[in-house]
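# Structural description and commentary
Chain by chain, the residues:
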Amino acid sequence: MKAIDKVAVGFDGSHDSRAALLWAARLAAPTGATLKVVHAVGLLEHARPSGQENPYGDVRALAAGAGMDPSGVEWLEVDGNPCSALLRMISAPHSVDLIVVGTRGAGAHSGSLLGSTSLELVEHSSIPVVVVPRQEP
Amino acid sequence: MDGVRDLHLEDAITYVGSPEAELEALARVHTTKYLDELEDFCRQGGGDIDPDTYARSDSFTAARRAAGAGLEAIRALERQGEGVAFVPVRPPGHHAETDRAMGFCLLNNVAVSAAALAAKGQRVLIVDWDVHHGNGTQSIFWDDPRVLYVSMHQWPLFPGTGKAQEVGGPNAVGLTVNLPLPAGATGDVVRRAFEQVAHPVIDGFAPDWVLVSCGFDAHRADPLGELALSTGDFAQLARLVRSFVSCPGRLALFLEGGYSTRALRSSTTAVLGTLLGVDVGLEPPTSGGPGQQAVASTESARRLAVAGLEEARCQR
């Protein structure tokens, strides 16, 4: 089995995505794996004032809190819906070995089809996907 | 509609209705599972589908009427055998995929009309000049040799698809044409991209119908895009798509994005005025922006991708 060197984590600032980031950071800390924190940028988000970067706070500090070296954390903004943005991480130049997501992202409703990134990822990914269970806030 | 009213052509305009599209017509491009779930979601009151896309209790009906307006416009053109149809509907459609609402879009209006025409044996060209790539339309017709999809768009930008190397599936190699342009690209670059890359493919395809995903967010005043087109450039694009039509009454434009109300209004007037032969005040066409190199790269990347797929097909 190939070693897990690079891990992509879906992140939209939601409680579930923070749980996914913490889980991935705890996995990466002892192994030295790098973390690519992927934020899928929607259409409206392009209206964000220029110069304003990551609006969700310091994900490196969050990962460091889980014992990870923050220099191993990369913040990536990728255009598109969360599923396709994360699936694009599988191919070069990113070539991640594992994808980690929360159960539900921000704005997703409780139905089974619309907005279910985790289900869709599991169906379409060619590499392992970890869906971190929901934890009470 | 202010952009239409600004033409002062009340006597020359026929307004057609927007009946709900039949489920059979929608099912040509969307899965019945998706349609059922979307209807059910709206019936329960709606809500956020993703951070961009919201639905209310009446959104499914509104989306069906938007798709139905396109079908009705096509029927009107078929009856009259002349004229141009403009379908100024909301919600827009070109981001909606077979089983996914996305980017403000619930149902893919232009795809529903194109699929209806294709089902009748017509060859359909879809030109998409919205600043965002029409990922939904591309994926719906990816492997369909009856429909040629040509998209000009800013890249990189939402939705992250639309690279030059995306040229179609094994049954439709070369029938997806993407013209990705850098931020700041001006009208001269857009025209060159169409002439150099898309025109030969369109000539070879010989469409019976031309449908336009007519977004106006490539205008330089738009807050969500960074292309630098003017109303004069949109007028030239209108002349260009009209040149692809082989006989009268076979051109329909479907409104997609456009987030500066002023630019949306003046660009609508520019395009419809040009197609109807009305002299409207236009901003001058633009030139001098970046992207000439991108056009050359697009041409070579596309040629390589098509050759690779055709070689793979021969080896099967």
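Read on for an overview of the structure.

Moving on, we get to the overall build of chain B. Along chain B, the regular secondary structure elements total ten helices and eight strands. Against the globule reference of 20 Å for 316 residues, chain B gives a C-alpha radius of gyration of 18 Å, in line with a compact fold. The dimensions of chain B, computed from C-alpha atoms along their principal axes, are 55 × 50 × 40 Å. The long-range fraction of contacts in chain B, counting pairs at least 24 apart against all pairs at least 6 apart in sequence, stands at 76%.

Residues and elements named next belong to chain B. Taken in spatial order, the six strands of this open sheet run β3-β8-β7-β4-β5-β6, and their pairing is parallel. Two strands close off the open sheet at either side, each with one partner strand: β3 (84-87) and β6 (176-181). Averaged over all pairs of adjacent strands, the angle between strand axes in this sheet comes to 15 degrees, irrespective of strand direction. In the sheet, strand β4 (residues 124-128) pairs with strand β5 (residues 147-154) via five bridges, with the strands oriented parallel. Considered in β5, the bridge of V124 is made with V147.

Counting from both sides, the interface comprises 23 residues of chain B and, opposite them, 19 residues of chain A. Going through the elements one at a time, α3 (32-43) and β1 (47-48) of chain B are the ones with two or more residues in the side of chain B that touches chain A. With four residues, the top contributor of residues to the side of chain B that touches chain A is α3 of chain B. A breakdown of the residues in the side of chain B that touches chain A according to their chemical character gives 13 nonpolar, five polar and five charged.

In this section: the packing of helix α7 (residues 187-205) of chain B against helix α8 (residues 231-243) of chain B. All names here are of chain B. Where α7 contacts α8, the two axes come as close as 10 Å, and the packing angle between them is 15 degrees. In this view, α7 runs roughly parallel relative to α8, as classed from their interaxial angle. Handedness of the crossing formed by α7 with α8: right-handed. Along the contact surface, α7 presents G187, V190, R191 and F194, while α8 presents D233, Q236 and L240. Residue composition of the contact of α7 with α8, by class: three nonpolar, two polar and two charged.

So, how was this worked out
Residues numbered from 1 in each chain as written. Chains lettered and ligands numbered in written order. Predicted model: local features only at pLDDT ≥ 70, side-chain atom pairs only at ≥ 80, totals over all residues. Helix = DSSP H or I, 4+ residues; strand = E, 2+ residues; numbered from the N terminus. Rg over C-alpha atoms; globule rule 2.2 N^0.38 Å. Contact = placed C-beta atoms within 7 Å. Pairing = 2+ DSSP bridges. Axes fitted to C-alpha atoms, helices over the stretch in contact; angles between N-to-C directions. Nonpolar A, V, L, I, M, F, W, Y, C, P; charged D, E, K, R; others polar. Parallel < 35°, antiparallel > 145°, perpendicular 65-115°, else oblique. Left-handed = near helix turned anticlockwise from the far one by under 90°.

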